[in-house]
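Working through the structure, step by step
Spelled out from the first residue to the last, the chains are:
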Amino acid sequence: WHGWLRPPRVNPVQCSSMAAMVRACMPLRTPPAAASSAATAPAAPSKPRSSARVLVLGGTGRVGGSTATALSKLRPDLNILIGGRNREKGMPLVSKLGQRSEFIHVDIRNSSRLKEVLEGVDLVVHAAGPFQRDDKCTVLQAATFTKTRYTDICDGVDYSWRAKSFHEQAKASGVPALITAGISPGVSNVMAAELVRTAKGESGGEPETLRFFYYIAGTGGAGPTTLGTSLLLLGEDVIAYDKGSEIKLKPYSGARNIDFGKGIGKKYVYLMNLPEVKSTHKNLGLPTVHALFGSDPFIWNWGMETFANFLPSDLLRDKNVTLKFAECVDPFIRVIDGIVGERVAMRIDLESSNGHTTTGLFAHNNLSVSVGYAAAAFALAVLEGSTKPGVWFPEEPEGIAIDARKLLLRRASRGVTNFTMNKNSGMIEC
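Note that the structure is a prediction, hence the values are computed from the model and not measured.

Here we take up the packing of helix α9 (residues 187-202) against helix α17 (residues 405-412). Packing of α9 against α17 leaves a shortest axis separation of 11 Å and a crossing angle of 140°. The pairing of α9 with α17 is recorded here as oblique in orientation. Viewed along their axes, α9 and α17 form a crossing whose handedness is left-handed. For the pair formed by α9 and α17, the contact residues are Val 187, Val 190, Met 191, Ala 193, Glu 194 and Arg 197 on the first element and Arg 405, Leu 408, Leu 409 and Ala 412 on the second. For the contact of α9 with α17, the per-class residue count stands at seven nonpolar, no polar and three charged.

What follows is about a nonpolar patch on the surface. Among the surface-exposed residues, Tyr 268, Phe 298, Ile 299 and Trp 302 lie close enough to one another that they form a single nonpolar patch of about 480 Å² accessible area. With three residues, helix α12 (residues 298-310) is the largest single contributor of residues to the nonpolar patch. Tracing the sequence through the fold places Trp 302 in helix α12. By relative accessible area, which is 54% here, Trp 302 ends up exposed.

This brings us to the packing of aromatic side chains. Each aromatic ring pair is characterised by the separation of its centres together with the angle its planes make. Overall, the coordinates contain seven aromatic pairs when judged by the stated rule. An angle of 65° between the planes, with centres 5.1 Å apart, marks the rings of Phe 131 and Tyr 159 as edge-to-face. Of this pair, Phe 131 sits in the loop between β4 (123-126) and α6 (138-146) while Tyr 159 sits in helix α7 (residues 157-164), placing them 28 residues apart in sequence. In this structure, Phe 131 and Tyr 159 share a single accessibility class: buried. Seen from their ring centres, Trp 161 and Phe 393 are 5.0 Å apart, and the 45° between their planes marks the pair as tilted. Within this pair, whereas Trp 161 is found in helix α7, its partner Phe 393 is found in the loop between β15 (390-392) and α17, the two being separated by 232 residues in sequence. When its relative accessible area of 23% is taken as the criterion, Trp 161 is described as partly exposed. Residue Phe 393 is classed as buried on the basis of its relative accessible area, which comes to 0%. In this structure, Lys 115 packs its charged tip against the face of Phe 145, placed 4.2 Å from the ring centre. Directly above the aromatic system of Trp 161 lies the positively charged group of Lys 278, at a separation of 4.8 Å from the ring centroid.

For strand β1 (residues 53-57), a buried count of four out of five residues is recorded, marking the element as mostly surrounded by other parts of the structure. Each parallel crossover has a hand, and the one from β1 via helix α3 (residues 62-74) to strand β2 (residues 79-84) is right-handed.

Our focus in this paragraph is the packing of helix α16 (residues 367-383) against α17. Between α16 and α17, whose axes approach to 8 Å, the crossing angle comes to 150°. With respect to each other, α16 and α17 are oriented roughly antiparallel. Of the two possible hands of crossing, α16 and α17 adopt the one that is right-handed. Contacts between α16 and α17 pair Tyr 373, Ala 374, Ala 377, Phe 378, Leu 380 and Ala 381 from the former with Leu 408, Arg 411 and Ala 412 from the latter.

Moving on, we come to the pattern of salt bridges. Using the criterion set out here, one finds 12 salt bridges in the structure. Glu 194 is paired through a salt bridge with Arg 197; the nearest N and O atoms lie 2.8 Å apart. In this pair, Glu 194 and Arg 197 are both assigned in helix α9, three residues apart and thus about one turn of the helix distant. A relative accessible area of 12% places Glu 194 in the buried class. Given a relative accessible area of 42%, Arg 197 falls into the partly exposed group. A salt bridge links Asp 349 to Arg 347, with the nearest nitrogen and oxygen atoms 2.9 Å apart. Residue classification places Asp 349 among the buried positions, given a relative accessible area of 0%. Connected via shared salt-bridge partners are Arg 75, Asp 77, Glu 384 and Arg 411.

This brings us to helix α15 (residues 330-340). Among the residues of α15, Asp 330, Ile 333, Ile 336 and Asp 337 are the ones counted as buried. The arc that holds the buried residues of α15, viewed along the axis, is 115°, so those residues lie on one side. Opposite the packed face of α15, turned more than 90 degrees from it, sit the exposed residues Pro 331, Gly 338 and Ile 339. With its phi angle positive at about 90°, Gly 341 sits one or two positions after the end of α15.

In summary, soluble globular proteins display a tendency toward joint burial of nonpolar side chains. Formed by 108 residues in total, the largest nonpolar core has its most connected members in Leu 55, Leu 71, Tyr 150 and Val 187. Of the residues that make up this core, three or more belong to each of domain 1 (53-178) and domain 2 (187-368 + 414-427). Setting aside anything within four residues of it in sequence, one finds Leu 71 in contact with Val 54, Val 56, Pro 76, Leu 78, Ile 80, Ala 376, Ala 379 and Leu 380.

With that settled, consider unusual backbone geometry. Across the junction of Ser 184 and Pro 185, the peptide omega takes the value 10°, indicating a cis bond. The residue Pro 185 is located in the loop between β6 (176-178) and α9 in this model. Residue Pro 297 is bonded to the preceding Asp 296 through a cis peptide linkage, with omega at -5°. Note on placement: Pro 297 falls in the loop between β12 (288-296) and α12. The residue Lys 147 is not glycine, and still its phi comes out positive at about 60°.

Within the secondary structure, Thr 69 sits in helix α3. C-alpha separation for the pair Thr 69 and Ile 80, spaced 11 residues apart in sequence, amounts to 9.1 Å. Dropping the residues within four chain positions of it, Thr 69 is found in contact with Leu 93, Lys 96 and Leu 97.

Here we take up the sheet that holds β4. Spatially, the seven strands line up as an open sheet ordered β3-β2-β1-β4-β5-β6-β15, and their pairing is parallel. Pairing within the sheet leaves two strands with one partner each, and these edge strands are β3 (101-105) and β15. Within this sheet the neighbouring strands show an average axis-to-axis angle of 20°, counted without direction. Strand direction decides the pairing type here: β1 and β4, joined by four bridges, are parallel. Paired with Leu 55 across the strands is Val 124, a residue of β4. Packing against the sheet, α16 makes contact with β1, β4, β5 (149-152) and β6, and its axis sits at approximately 160° to β5.

What counts and what doesn't
- Residues numbered from 1 in each chain as written.
- Predicted model: local features only at pLDDT ≥ 70, side-chain atom pairs only at ≥ 80, totals over all residues.
- Heavy atoms only, no water.
- Axes fitted to C-alpha atoms, helices over the stretch in contact; angles between N-to-C directions.
- Helix = DSSP H or I, 4+ residues; strand = E, 2+ residues; numbered from the N terminus.
- Parallel < 35°, antiparallel > 145°, perpendicular 65-115°, else oblique.
- Left-handed = near helix turned anticlockwise from the far one by under 90°.
- Contact = heavy atoms within 4.5 Å.
- Nonpolar A, V, L, I, M, F, W, Y, C, P; charged D, E, K, R; others polar.
- Patch = residues over 30% accessible without salt bridge, like charges linked within 9 Å, V, L, I, M, F, W, Y side chains within 5 Å.
- Areas by Shrake-Rupley, 256 points an atom, 1.4 Å probe, with all protein chains shown as cover.
- Salt bridge = Lys/Arg side-chain N within 4 Å of Asp/Glu carboxyl O.
- Buried < 20%, exposed > 50% of the residue type's maximum accessible area, 1.4 Å probe, protein only.
- Phe/Tyr/Trp six-rings, centres within 6.5 Å; stacked < 30°, edge-to-face > 60°.
- Lys NZ or Arg CZ within 6 Å of the ring centre and 35° of its normal.
- Right-handed = clockwise from strand over helix to strand, strands pointing away.
- Arc of directions from axis to C-beta.
- Core = buried A, V, L, I, M, F, W, Y, C linked by side-chain atoms within 4.5 Å.
- Domains from an automatic or database assignment.
- Pairing = 2+ DSSP bridges.

Here is the structure:
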């Protein structure tokens, strides 16, 4: 290829109107610990109280569960609520997390129940994916309505920009919201932003080309959700940017063999339609951006390429069909994961106008654990005041303040086998 988340009864109508007026005048919930200093320093970001309540939606899933676990390890003082539809599936995790955790029955499709639940929390983490083909941002809208801080691990292009359209609404409500805040997208966006910031100050050239490369062994331990997401992406044209122009390419094409560094080595990757391409193109001002993804064993790549070439795109876009298929083959997937491992790796290359290339590398032995720490790092950044009111992508400084990136990356990289930033290199491929 040429370029590169019992009072007395009253009239219901009056009650609804009054409630709406009260909410509209309510300030964003500020934990007591920060309220005492608000009068003297109104502009300073508030620190959450030690008893801050964080709701993890999709907490009964592997990624949501890993996020809740990571939060409890990074901040043992937090009260972590596991949100989901199946109490039986959620209680083992609640027991594991201890007395500061509880299960909350909630269905994200029930907006009234969502609002009721969010009234009692300081931050909601939306990890109930896949996000592809969702035409409503119900959780973000409920969070904006109840003035609740918000993060998600969205990895869908359409969903992310639909969420971004609520920016002014969230800003007016004083709600900080961070979208696509997982590992990829998420940590990869912040790594890219740091590469660009450093290059502008040191390379002597203008940053021009950004390349995202991702590798997962099997499903990385994330199970059917990862497979379902990948299949849904095969039904989408790949959006990439070449010298400022938006171009559309075939999914799972443009194979390249990329070196992910120690412990991973060289892996084949293929073009995929991922949200960080469009967001970094717009937010970091880079004319050429693309993203590629690959897996092990190689039969996975062969299967994905075959599906992309021979299955009708309408079938691949059918969320019910792809998720049912992913659930059916889950036992087989678990066997494969047991054989090939659950590793995840990212490589981000930035090339400047003078030919200078810098690289960021990230590798972990377990995808779901790694995503958990990444999502938890973003959640804590928002909870601790690093995000301004509005809806932001991770690379935007209003989303994650520049001086907060180092702490975020340190938290997100917990347990990694390799994490290198601003490494000078030529592109490694063959």
